Amino acid sequence: MVETALFYAFAVLTIAGAILTVTLRNAIHCAISLIGSLAGVAGLYLLQQAEFLFAVQIVLYIGGIMVLFLFVIMLVNLDAAAKERQYHRHWLAAAVCVAGTGALFTAFLLRGQTLVKPAAVEQAEPVAGNVETIAVALFQQFLVPFEVASLLLLVAIVGGVVMAKKRI
Amino acid sequence: MNLYYTSTDHFVLLPAILLALFGCATLLFDFLVFPDPRQRRWLLICLVLGEACAGIRFWRQQEFLNAYGGELTAFNGALTVDQFGLFFQWIFLATTLIVGLISYKYLEVREEHHGEYYGLLMLAQCGMFFLACGTELVTIFVGLETMAVTFYILVGFLRADKRSNEAAMKYLLLGGLSSGFLAYGFSVLYGIAGSTKLRVIAEAVSARNAWDPILLLAIATTAVGLLFKISAAPFHMWAPDAYEGAPTSITAFLAVGSKAASFALLMRLFFGPLGSARESWAPLMIAASILSMIIGNFAAVTQTNTKRLLAYSGVNHAGYILLGLIAGNPTGLKGMLVYLLIYTFMNLGAFLVLTVLTRKGLAGEDINDLNGLMQRAPGYAIWMLIFLVSLAGIPPTGGFFGKYFIFLALLETGHTTLAIIAALFVAVSVYYYFRLIKAIFIHKEEQDTPPLATSLGIRLALGVTGVLTLLIGVYPEPFLRLAQMSISR
């Protein structure tokens, strides 16, 4: 009962934040509503007993990525941006996209199980706790991609330096 | 099963570790040990050493497989070393080595000679390693992205050149889009199987009807992502711009290394887990193949920029290699491998001659820049003739055998119409290759063009690519045996 109430609270927070992010005029206000939306998602993770994702969502998205967003917003001329027209008037294209996505959602909600027949997910070794399970998955089952991802990031950093610096 | 890192894991992964270590070492050496621009050749030597070490490890794996047969699975099924994967590892090794050799002089001439280049070459090869021997979707995807991100940087390496910036931007955007498609396809495959391992996916796919809607979705998105990467039409639009703007040595790497790696993945997926749904993806591949031949050939006819011309010829070749997949029998698989092997050497050779034409203040990418090459440098002219004849698929060069096995496979499986269409397009392709040959041998040289930018490394690479292109055509048995061995499980 409490769980259902919490779910609806977080869901409303997520959706309202998302709507405000695209409709508000002031970019700073948009960023703050995005924080609300991300916090709602974090709450949903917690309801699913995914503590690790909850913590990552708070630390990385609300902490790190939002600060980056705010940095970028500070570099933009807010007064000029606020005067510009906010929406393209492409009602037809928007209506088609919304109708298509809506139809897809309805189809999956009503007939998804029979249409798609998803397979049972291969379970990692049962360990106590969510964080431990993720650790086992990352460092046993997905050890190689986990390590290769660090190479990928290294390449991206080197690329950023090569592209941006005048003298290398 | 609580051992994190067994000796088998070590044996399988060691070449990639060596490549990554040497790549990082090159980045550090450039900064700490050899900061002087005149010491850049040590970085090239570092690359050669790294490739030699990786080569020794690949050789060990090859010896093991030759002795015991079968395959080696490591990391809980994430990586598999088999003859098929090793075949591609050798292609990647040769490609990276040759690209390294031809880059040195070219980067000097273009005044963008930085040590990072050599490090990135090795890291790109490291990404290719996981593409050829990864048997688990996450590993494959991360390897693919490592390779792709490296290529985005290398394509834009001529930072002062607007065309290079533009090429990198276009390649980044379209490459990102195609990776998105591929990731979507992979996620649906995971949904179908409940596991990211190719072995489990194969079972789940074969349990389903080939026209199952969700399976169709997975196949279509995966195929679109891969067709982007191999630059097959109608997903080839990034190729001409990226090939034209990139440094010519990287164009060669892109045209050969990236394409071979993407084909390795394509073959691993479509002959493996998705093989049982053949009837649903065969029409898609046939359409892509025919479109590639049409667009590649007819667009190449009108090009005046040699790099763009070879880009469209690459689209055309991708179409031919796809024909082997459509035939789908062992001959077709063998034909694809032989084709990719020959394509590596003849295409690298052709781009190599183009790098030599680049001088200070002269891009050397116009067809007219080839004029009178026979008088200026008969050696380069004659090797270029061999590469172009081989690209056109005329005996006695290697290119003939690539096409021969593809056609044979098509006829064996009753795709006679396709074989006839493909044979007709060979005639079209002969036209534009001979435009280049005409420029080299018949047109007169313009006054006082500066001498060619050659070096010992370039001559060495030219010798290797040229001799192999000829040798595969004249004495193909060992190479055919190699390809045959790679497909026998």
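1. Structural notes on the overall build of chain B
Across its full length, chain B holds 19 helices and two strands. Taking 23 Å as the expected radius of gyration for a compact globule of 489 residues, we find that chain B reaches 22 Å, a close match to that expectation. Considered along the principal axes of its C-alpha atoms, chain B spans approximately 70 × 60 × 40 Å. Counted over contacts in chain B with a minimum sequence separation of 6, partners at least 24 positions apart contribute 80%.

2. Comments concerning the overall build of chain A
Helix and strand counts for chain A stand at seven helices and zero strands. Walking chain A from its N terminus toward its C terminus, one meets helices and strands in the order α-α-α-α-α-α-α. On C-alpha atoms alone, chain A measures out to a radius of gyration of 21 Å, which is more than a quarter above the 15 Å that the 2.2 N^0.38 rule sets for 168 residues. Reported as C-alpha extents along the three principal axes, the dimensions of chain A are approximately 55 × 55 × 35 Å.

3. Considering helix 9 (residues 238-245) of chain B
Residues and elements named next belong to chain B. Burial runs high along helix 9: eight of the eight residues are buried. Taken together, the buried positions of helix 9 are occupied by Trp 238, Ala 239, Pro 240, Asp 241, Ala 242, Tyr 243, Glu 244 and Gly 245. Close packing links the buried residues of helix 9 with helix 5 (137-155), helix 6 (162-193), helix 10 (248-271) and helix 12 (306-327).

4. Comments concerning the interface of chain A and chain B
With 24 residues of chain A at the contact, the number on the chain B side is 33 residues. Counting only elements with at least two residues in the side of chain A that touches chain B, the list comes to helix 5 (91-116), helix 6 (130-141) and helix 7 (143-164) of chain A. The leading source of residues in the side of chain A that touches chain B is helix 7 of chain A, at 13 residues.

5. Considering the nonpolar core
Residues and elements named next belong to chain B. One finds Leu 131, Val 155, Leu 340, Ala 350 and Leu 352 to be the most contacted residues of the largest nonpolar core, which totals 187 residues. The dominant element in this core, judged by the number of residues it contributes, is helix 13 (residues 330-356), at 18 residues. Setting aside residues up to four positions removed in sequence, Leu 131 forms contacts with Ile 140, Gly 143, Leu 144, Met 147, Ala 261, Ala 264 and Leu 265.

6. Things to note about helix 2 (residues 27-47) of chain A
Residue and element names in this part refer to chain A. Between its first and last C-alpha atoms helix 2 spans 31 Å; for 21 residues at 1.5 Å apiece the expected length is 30 Å, and the two agree. By the burial criterion, the buried members of helix 2 are Leu 34, Ser 37, Leu 38, Val 41 and Ala 42. Taken down its axis, helix 2 places every buried residue within 150° of arc, on the same side. Summarising the contacts, the buried residues of helix 2 are in contact with helix 1 (2-23) and helix 3 (51-75). Downstream of helix 2 by one or two residues, Gln 49 has phi in the positive range, about 60°.

7. A closer look at the packing of helix 3 (residues 83-110) of chain B against helix 10 of chain B
The relative placement of two packed helices comes down to the angle between their axes together with the axis-to-axis distance. All names here are of chain B. Look at helix 3 against helix 10: their axes get within 9 Å of each other, and the N-to-C directions meet at 170°. Relative to helix 10, the element helix 3 is oriented roughly antiparallel. Two secondary-structure elements touch here, helix 3 through Phe 88, Ile 91, Phe 92, Thr 95, Thr 96, Val 99, Ile 102, Ser 103 and Tyr 106 and helix 10 through Thr 248, Ser 249, Ala 252, Phe 253, Val 256, Gly 257, Ala 260, Ala 261 and Ala 264. The residue makeup of the contact of helix 3 with helix 10, split by class, is twelve nonpolar, six polar and no charged.

8. Here's the deal with the environment of Pro 396 of chain B
Residues and elements named next belong to chain B. Mapped onto the fold, Pro 396 is located in the loop between helix 15 (378-392) and helix 16 (398-412). Take Pro 396: there are 14 C-beta atoms within 10 Å of it, and that puts it in the partly exposed class. Taking the C-alpha atoms as reference, Pro 396 lies 9.6 Å from Thr 469; in sequence the two are 73 residues apart. Those residues within four positions of Pro 396 in sequence are excluded, and the remaining contacts are Gly 473 and Val 474.

9. Notes on the packing of helix 1 (residues 7-32) of chain B against helix 4 (residues 116-133) of chain B
Residues and elements named next belong to chain B. Their axes nearest at 8 Å, the elements helix 1 and helix 4 cross at an angle of 165°. Judged on the interaxial angle alone, helix 4 and helix 1 are roughly antiparallel. Between helix 1 and helix 4 lies a crossing of left-handed hand. In contact with Pro 15, Ala 16, Leu 19, Ala 20, Phe 22, Gly 23, Cys 24, Thr 26, Leu 27 and Asp 30 of helix 1, helix 4 contributes Glu 116, Tyr 118, Gly 119, Met 122, Leu 123, Gln 125, Cys 126, Phe 129 and Phe 130.

10. Concerning unusual backbone geometry
Omega for the peptide link from Ala 233 of chain B to Pro 234 of chain B comes to 0°, which places this bond in the cis form. As for its position among the elements, Pro 234 of chain B is in the loop between helix 8 (213-229) and helix 9. Even without glycine at this site, Gln 49 of chain A takes up a positive phi of about 60°. Here Gln 49 of chain A is to be found in the loop between helix 2 and helix 3. For Gln 49 of chain A, a count of 10 C-beta atoms within 10 Å corresponds to the exposed category. A positive phi angle, near 60°, is found at Glu 111 of chain B, a position not held by glycine. Here Glu 111 of chain B lies in the loop between helix 3 and helix 4.

11. What about the domain arrangement of chain A?
When its domains are assigned, chain A resolves into domain 1 (1-86), domain 2 (88-118) and domain 3 (126-168). If you average the C-alpha positions of domain 2 of chain A and of domain 3 of chain A, the two centres end up 34 Å apart.

12. Concerning the confidence of the model for chain B
Residues and elements named next belong to chain B. Taken residue by residue, chain B gives an average pLDDT of 91. The fraction at 70 or more is 99%. When pLDDT is averaged over each helix and strand of chain B, the minimum, 86, is found for helix 14 (residues 373-376) and the maximum, 95, for helix 5. We note a pTM of 0.91 for the whole complex and an ipTM of 0.90 for its interfaces.

13. Comments concerning the environment of Ala 107 of chain A
Take Ala 107 of chain A: it is sitting in helix 5. Take Ala 107 of chain A: there are 11 C-beta atoms within 10 Å of it, and that puts it in the exposed class.

14. Here we look at the environment of Ile 32 of chain A
Mapping Ile 32 of chain A onto the fold places it in helix 2. Placed 114 residues apart in sequence, Ile 32 of chain A and Phe 146 of chain A show a C-alpha to C-alpha distance of 32 Å.

Basis of the calculations
- Residues numbered from 1 in each chain as written.
- Chains lettered and ligands numbered in written order.
- Predicted model: local features only at pLDDT ≥ 70, side-chain atom pairs only at ≥ 80, totals over all residues.
- Helix = DSSP H or I, 4+ residues; strand = E, 2+ residues; numbered from the N terminus.
- Rg over C-alpha atoms; globule rule 2.2 N^0.38 Å.
- Contact = placed C-beta atoms within 7 Å.
- Buried ≥ 20, exposed ≤ 12 C-beta atoms within 10 Å, placed from the backbone.
- Core = buried A, V, L, I, M, F, W, Y, C linked by C-beta atoms within 7 Å.
- Expected span 1.5 Å × (residues − 1).
- Arc of directions from axis to C-beta.
- Axes fitted to C-alpha atoms, helices over the stretch in contact; angles between N-to-C directions.
- Parallel < 35°, antiparallel > 145°, perpendicular 65-115°, else oblique.
- Nonpolar A, V, L, I, M, F, W, Y, C, P; charged D, E, K, R; others polar.
- Left-handed = near helix turned anticlockwise from the far one by under 90°.
- Domains from an automatic or database assignment.
- pLDDT = per-residue confidence, 0-100.

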